[in-house]
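# Architecture at a glance
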Amino acid sequence: MNIHEYQAKGLLREFGVPVPDGYPVLKAEDAEAVARQLRGPVWVVKSQIHAGGRGKGKFKEKAAGDKGGVRLASSVEEASAFVREMLGQTLVTAQTGPAGKQVNRVYIEDGSAIASEFYLSMLVDRDTSRVAFVVSTEGGMNIEEVAHDNPEKIRTFSVDPATGIMPLHGRTVAETLGLTGDLARQAEDLAAKLYRAFVEEDMAMLEINPLVVTKDGKLRCLDAKVSFDDNALFRHPDLFKLRDETEEDAKEIEASKYDLAYIALDGTIGCMVNGAGLAMATLDIIKLYGEEPANFLDVGGGASEEKVTAAFKIITADPQVKGILVNIFGGIMKCDVIARGVIAAVKTVGLEVPLVVRLEGTNVEEGKQIIRSSGLNVIPADDLDDAAQKIVAAVRGA
Ligand code: GDP
Ligand code: MN
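Just so you know, these numbers come straight off a predicted model, no measurement behind them. (Residues numbered from 1 in each chain as written. Chains lettered and ligands numbered in written order. Predicted model: local features only at pLDDT ≥ 70, side-chain atom pairs only at ≥ 80, totals over all residues. Heavy atoms only, no water.)

## Observations concerning the coordination of the manganese ion (ligand 2)
- Distances from the manganese ion (ligand 2) to its protein donors, N209 (O) and D223 (OD), fall at 2.2 Å. On the criterion of sequence distance, the pair formed by N209 in strand β11 (residues 203–214) and D223 in the loop between β12 (219–221) and β13 (225–228) is long-range, its members being 14 residues apart. Of the two residues, N209 and D223, both sit in the buried class. (Donors = N, O, S within 2.8 Å, 3.2 Å for Na, K, Ca; no water. Helix = DSSP H or I, 4+ residues; strand = E, 2+ residues; numbered from the N terminus. Buried < 20%, exposed > 50% of the residue type's maximum accessible area, 1.4 Å probe, protein only.)

## Some details on the UniProt feature "binding site: Mg(2+)" (unreviewed entry) in the protein
- Within the UniProt annotation, "binding site: Mg(2+)" (unreviewed entry) is assigned to N209 and D223.
- Assessed through its relative accessible area of 15%, N209 is described here as buried.
- The residues touching N209, leaving out its near neighbours within four places in the chain, are F118, Y119, G139, G140, M141 and D223.
- A distance of 2.6 Å separates a polar side-chain atom of N209 from the backbone nitrogen of G140.
- On the accessibility criterion, D223 (19% relative accessible area) is buried.
- When neighbours within four sequence positions are excluded, D223 is seen to be in contact with E5, K9, K46, R54, E207, I208, N209 and P210.
- Among the polar contacts made by the side chain of D223, one reaches the side chain of R54 at a distance of 3.1 Å. (UniProt positions renumbered as here; feature names shortened; annotations may be inferred. Contact = heavy atoms within 4.5 Å. Polar contact = N/O pair within 3.5 Å; in protein donor to acceptor, adjacent residues only side chain to side chain.)

## As for the packing of aromatic side chains
- One pass over the full model with this rule turns up 2 aromatic pairs.
- Summarising the aromatic geometry, the rings of F133 and F157 are spaced 5.2 Å apart at their centres and angled 10° between planes, so their arrangement reads as stacked. Residue F133 is located in strand β9 (residues 130–136), and its partner F157 is located in strand β10 (residues 154–159); the two are separated by 24 residues in the primary sequence. Neither residue differs from the other here; F133 and F157 are each classed as buried. (Phe/Tyr/Trp six-rings, centres within 6.5 Å; stacked < 30°, edge-to-face > 60°.)

## A few points about unusual backbone geometry
- In this model, G40 is joined to P41 through a cis peptide bond whose omega is 5°.
- With respect to the helices and strands, P41 occurs in the loop between α2 (31–36) and β2 (43–48).
- A cis amide bond, omega 15°, links N209 with the succeeding residue P210.
- When you line up the elements, P210 lands in strand β11.
- Positive phi, close to 60°, is recorded for D259, a residue that is not glycine.
- With respect to the element layout, D259 can be found in the loop between α7 (250–257) and β14 (261–264).
- With a relative accessible area of 64%, D259 lands in the exposed category.

## So, the sheet that holds strand β4 (residues 70–73)
- Across the sheet, 4 strands lie side by side as β1-β7-β2-β4; this open sheet has antiparallel pairing. Looking along the sheet, the strands with just one partner apiece sit at the ends: β1 (22–25) and β4. Between one strand axis and the next, the sheet turns through 20° on average, direction left out of account.
- The pairing of β2 with strand β7 (residues 105–110) spans 6 bridges and is antiparallel. Bridge pairing in β7 links V45 to I108.
- Strands in contact with helix α1 (residues 5–14) are β1, β2 and β7; relative to β7, the strand with the most contacts, it is inclined by about 45°. (Pairing = 2+ DSSP bridges. Axes fitted to C-alpha atoms, helices over the stretch in contact; angles between N-to-C directions.)

Written as structure tokens, this is what we have:
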């Protein structure tokens, strides 16, 4: 689960992490009162969306102006004007894709006078099975680019869970960033607090970009991106209220209600598959024949007819979908259950795009018979290769 920057900063503040004071605004008419609660003389007005690159982002609407999704204001009036310009508008950044994201919340915080900008993130490193720090002097930049062009400017180290965070780790952060004296002590303190927040809240990723030194010598987190380990969320009921469903894909939310492993993608071929491995292979083979999948969907091993029906509805409701490929290898999952689910779904939602069905395995004859006798316009396929070629041809012919 991802959360907004202002929520991440609120959480980090509880752990004593230095972040600027600020308040979220959900309605334009509240902007002025909120800005007045801050000191000034500079206010930072920040679009809250679950995507980075906001500073360099561009709004689709002219009314939002061309100053990007993060703006510095020099008066309460200017700050509230920026809020009015941003709210409800669509921000396109390098991370949102061309469709952009609607800004439904704006954060106003005290501006900082920046002396230098750094990068610091934490994640669970699968190679070492430990929490790792990634630190770089190249702050405010796209870290993937730094990793590509100047890998020597990135330092990564992990923390042994048996010892937890130690002064050594904080000193490594300070040394990497070239901080000495009081700033080195602040870096040690920061590393310890971030580590505690990361572990206690079961975070999967925490990114501070930029981490800055202010002109008055304070280390401060100016941006914060946090995602939590979904498998540990049950331990943190308080975090659920931070969920913003408007940031999530509506189809993915619907799929999660039925416990379906579903991920929306950008292509045109809707896929219903059982087993994550087979689902991945199906996506690959669709690409091999030159088309793009509209989704990843694993209906699971023992899916019920109801679950299959729900899955089929989610796929057909997607306007991007120009054809559907059902690819089932019946092991635990039985082909007749899939067939009945598909038929039930088609009866309620209709079928306006070509449908290729490839069934193999347990009860395959029964499944094929159910589909044949349904009167539905289904294109049968014998194997994965045949199925992929048929759906690609059908989508192109349509
Ligand atoms: P992002 O573009 O989505 O990563 O949003 P950030 O929160 O990182 O803001 C973008 C950029 O705005 C930062 O890299 C900073 O250079 C700048 N910025 C953010 N807050 C302040 C501030 O308080 N003062 C100044 N001078 N610049 C800021
Ligand atoms: Mn940033």
